[in-house]
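Commentary on secondary and tertiary structure
Letter by letter, the chains look like this.
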Amino acid sequence: MAENIRLEIVTPDKSVVSEDVQIVVGPGTLGEFGILRGHTPFLTTLNMGTVRYKDAGGAERQIFISGGFAEALPDKVTILAESAERRRDIDIDRARSALARAQKRLEEAQKEKLDYARAKAALDRALHRIKVASSKGQ
Ligand code: ATP
């Protein structure tokens, strides 16, 4: 079997993932990418979405990220994200409340010239969190 690659996912507050994994799949802004050990180095920006990886034991894991940057080196992938949560750490009730708040703000934004982009980004984060938390896997 191929050797593992180190995966580090960090936010401004904390390290969310720091482990050796078999493969990493992420939402690059130019398209989804997959990285195995030995990959050619590259740097990319990331969309909001899901980073998937197979841990050293072969279990599939999912991490919500709010967007950011990824640096791939032959033996290491580093993902810097504004916020990131493991699937099991997502509080789905909190995400549902955030969704309801964002929907209300978006309705108000039509009438009152509130910050539409900000409300839309909050809505997208909540929807993605609900999607990841509701999906199968770990
Ligand atoms: P909220 O309005 O609920 O705070 P948000 O989208 O504004 O949601 P962020 O700014 O993306 O929140 O994140 C702030 C912090 O809270 C980060 O550390 C993030 O990981 C955490 N966080 C936000 N929502 C959730 C959630 N539903 N479950 C677990 N952690 C969350």
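Please read these numbers as outputs of a predicted model, since none were measured by experiment. (Residues numbered from 1 in each chain as written. Predicted model: local features only at pLDDT ≥ 70, side-chain atom pairs only at ≥ 80, totals over all residues. Heavy atoms only, no water.)

1. Some remarks on the environment of D93
Defined as follows: A run of DSSP states H or I qualifies as a helix once it reaches four residues; a run of E qualifies as a strand once it reaches two. Both are numbered from the N-terminal end.
Position of D93 relative to the elements: it lies in helix α1 (residues 92-112). In this structure the C-alpha to C-alpha distance between D93 and G68, which are 25 residues apart in sequence, comes to 25 Å.

2. Quick notes on the nonpolar core
The condition that has to hold: As used here, the term nonpolar core means buried Ala, Val, Leu, Ile, Met, Phe, Trp, Tyr and Cys residues forming a set that is joined through side-chain atoms within 4.5 Å. Whether a residue is buried, partly exposed or exposed follows from its accessible area with a 1.4 Å probe, protein chains only, as a fraction of its type maximum: under 20%, in between, or over 50%, in that order.
Core analysis: the biggest nonpolar cluster contains 20 residues, and L7, I9, I63 and I79 have the highest contact counts within it. Mapped by element, the contributors of at least two residues to this core are β1 (5-10), β2 (15-28), β3 (31-35), β5 (49-55), β6 (60-65), β7 (68-73) and β8 (76-81). It is β2 that provides the largest number of residues to this core, a total of 4 residues. A95, A119, L123 and A126 belong to the second largest nonpolar core, which has 9 residues in total.

3. Quick look at the site of the ligand
Put simply, the rule is: Whether a residue is near a molecule or strand is decided by its heavy atoms; if any one of them lies within 4 Å of it, the residue is near. The definition of a polar contact used here is a pair of N or O atoms within 3.5 Å, where within protein one atom must be able to donate a hydrogen and the other to accept one, and adjacent residues in sequence count solely through side-chain atom pairs. Cavities and pockets were defined on a 1 Å grid built over protein atoms only: a cavity is a set of grid points that admits a 1.4 Å probe from which the probe cannot escape, a pocket is an open set flanked by protein on both sides within 12 Å along at least five of seven lines, and lining residues are those with an atom within 4 Å of any such point. Cavities and pockets are treated as containing a molecule whenever more than half of the molecule's atoms lie within 2 Å of their grid points. Ten residues, namely Ala, Val, Leu, Ile, Met, Phe, Trp, Tyr, Cys and Pro, are considered nonpolar, four, namely Asp, Glu, Lys and Arg, are considered charged, and the remaining ones, Gly among them, are considered polar.
Around the ligand, a shell composed of 14 residues is seen, among which E85, D91, R94, R101 and R125 lie nearest. One nitrogen or oxygen atom from the side chain of R94 is found 2.8 Å from an oxygen atom belonging to the ligand. One nitrogen or oxygen atom from the side chain of R101 is found 2.7 Å from an oxygen atom belonging to the ligand. In a pocket analysis with a 2 Å cut-off to the grid points, the ligand is assigned to the largest pocket. Broken down by secondary-structure element, the contributors of at least two residues to the shell around the ligand are β9 (84-86), α1 and α2 (116-134). No other element matches α1, which puts 4 residues into the shell around the ligand. Split by residue class, the shell around the ligand holds 4 nonpolar, 1 polar and 9 charged.

Keep in mind these values describe shape, not function.
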